[in-house]
Amino acid sequence: MSVLEIRNLHKGFGSLVVLDGVDLSVEKGDVVTILGPSGSGKTTLLRCINFLETADSGTMIFDETSYDLARMTRADKSRIRMRTGFVFQNYNLFRNKTALQNVTEGLIVARKMEKKKADEIGMRMLAKVGMAERADYYPSQLSGGQQQRVAIARALASDPEIIYFDEPTSALDPELISEVLAVMRNLAEEGMTMIVVTHEMGFAKNVSSKSIFMEGGKIVEQGPSKEFFTNPRMERTREFLRMEEDRETASSLNAGKNS
C-alpha cells in the first residue's frame, strides 16, 4: 500500500514550467532516488510535496487521505509535516544552538514536548547517526558531514513515516560524503521510507529500491533500481547514466592524482 502518491503535479515560475504533470508513488519501506540534470525539477518536486513551494495543481494522497496541493490549508500542511522529515542540502542548522538543541528544537517548540523527554530522544537520535559525543558542539565546531548527520538526527527525532533528502551530500567535500551515505544506508536497511534527490549513482544503484530519472519537469523513466541501471528503456536515460559514469570515473582519477 502506498504511503504517498502524487498525481499530475504542475508547478511554474512565471512562464517557466518547472514541473509538468509529475506522478509519483511511494510504498512503505521504499527508498526512492530521483536523478536528473540540474534544472530538471527534482528539488522543486520535493519542495512542493513538503509545502516549501505551492504547487499550481496536483493531488497528494498521504496515508489514504487525498489533498489538493494547490489549496492546502495550514492545518493540513502542519498535520502532514508532523509525520515527515526533511534534510536540506545545506543542513539548515541553528548556528547559535548545540547539536542536541538543534535536534530537540522542533520537539519542544512545535510538539510541546517537555525538555527532559526531548533531550532523551535527541541523544538517542544523535547516537544513531554517530554524533552523541558531539551533542554539546555548535555547528561551527563541526565538519560539513557532521552537521549533515545532525540534520538527519533532527529529521529522525519526530519519528517520521517518510524522510525527504534534497541532495544531502552535494555541499560536502568528497571525503565527507561516505559518512553521510553510510547513515542513510543504515536507515534504508532498517526500513525507513525515503525519497532522495541525489547525484550519488552508487547509492542509487546499490541502496535504493526504485529510481526515477527526470528532465524538463517530467519523469522520463522510473522503475526498480536494479532494472533501471542494468537495462534502462529510454535512450535519454542511458545517455544520462553514461555521462554520470564518466563523471565519476574522472573524479576518481583526479582524486588518485591528488592523493
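Residues numbered from 1 in each chain as written. Predicted model: local features only at pLDDT ≥ 70, side-chain atom pairs only at ≥ 80, totals over all residues. Heavy atoms only, no water.

**Student:** Mind laying out the packing of helix H3 (residues 99-109) against helix H5 (residues 144-157), listing which residues take part and the relevant values?
**Tutor:** At a minimum axis separation of 9 Å, H3 and H5 run at an interaxial angle of 25°. Taken as axis vectors, H3 and H5 run roughly parallel relative to one another. Judged by the twist between their axes, the crossing of H3 over H5 is right-handed. Here H3 contributes Ala-99, Asn-102, Val-103 and Leu-107 to the contact with H5, which in turn contributes Val-150, Ala-153, Arg-154 and Ala-157. Of the residues that constitute the contact of H3 with H5, the class distribution is six nonpolar, one polar and one charged. (Axes fitted to C-alpha atoms, helices over the stretch in contact; angles between N-to-C directions. Helix = DSSP H or I, 4+ residues; strand = E, 2+ residues; numbered from the N terminus. Parallel < 35°, antiparallel > 145°, perpendicular 65-115°, else oblique. Left-handed = near helix turned anticlockwise from the far one by under 90°. Contact = heavy atoms within 4.5 Å. Nonpolar A, V, L, I, M, F, W, Y, C, P; charged D, E, K, R; others polar.)

**Student:** Quick one: what's the story with the pairing of strand S3 (residues 31-35), residue by residue and with numbers?
**Tutor:** Counting buried residues along S3, five of its five residues qualify, which places the element largely inside the surrounding structure. Neither face of S3 is exposed, since Val-31, Thr-33 and Leu-35 on one face and Val-32 and Ile-34 on the opposite face are all buried. Note: S3 against strand S8 (residues 194-197), four bridges, orientation parallel. Across the sheet, Val-32 pairs through a bridge with Ile-195, a residue of S8. Sheet topology places S3 next to strand S9 (residues 210-215); four bridges connect them, and they run parallel. Each bridged residue has a counterpart across the sheet, and for Val-32 the counterpart in S9 is Lys-210. (Buried < 20%, exposed > 50% of the residue type's maximum accessible area, 1.4 Å probe, protein only. Pairing = 2+ DSSP bridges.)

**Student:** Requested: an account of the packing of H3 against helix H4 (residues 115-128), with residues and values cited.
**Tutor:** Packing of H3 against H4 brings their axes to within 9 Å, and their N-to-C directions diverge by 130°. Relative to H4, H3 is oriented oblique. The two elements H3 and H4 cross, and the hand of that crossing is right-handed. Seen from H3, the contacting residues are Ala-99, Leu-100, Val-103, Thr-104, Leu-107 and Ile-108; seen from H4, they are Lys-115, Ala-118, Asp-119, Ile-121, Gly-122, Met-123 and Leu-126.

**Student:** Kindly report on the sheet that holds strand S5 (residues 65-68), identifying the contributing residues and their values.
**Tutor:** One open sheet accounts for four strands, arranged S2-S1-S4-S5; its pairing is antiparallel. Here the strands that pair on one side only, and so sit at the sheet edges, are strand S2 (16-27) and S5. Averaged over neighbouring strand pairs, the angle between their axes works out to 15° when direction is ignored. By the bridge criterion, four bridges tie strand S4 (residues 57-62) to S5 in an arrangement that is antiparallel.

**Student:** If you had to explain the side chain of Ser-158 to someone new, which residues and values would you point to?
**Tutor:** Within the secondary structure, Ser-158 is located in the loop between H5 and strand S7 (162-166). Within polar-contact distance, the side chain of Ser-158 engages the backbone oxygen of Ala-155 at 3.3 Å. Setting aside residues no more than four positions away along its own chain, Ser-158 makes contact with Met-82, Thr-84, Leu-107 and Arg-111. (Polar contact = N/O pair within 3.5 Å; in protein donor to acceptor, adjacent residues only side chain to side chain.)

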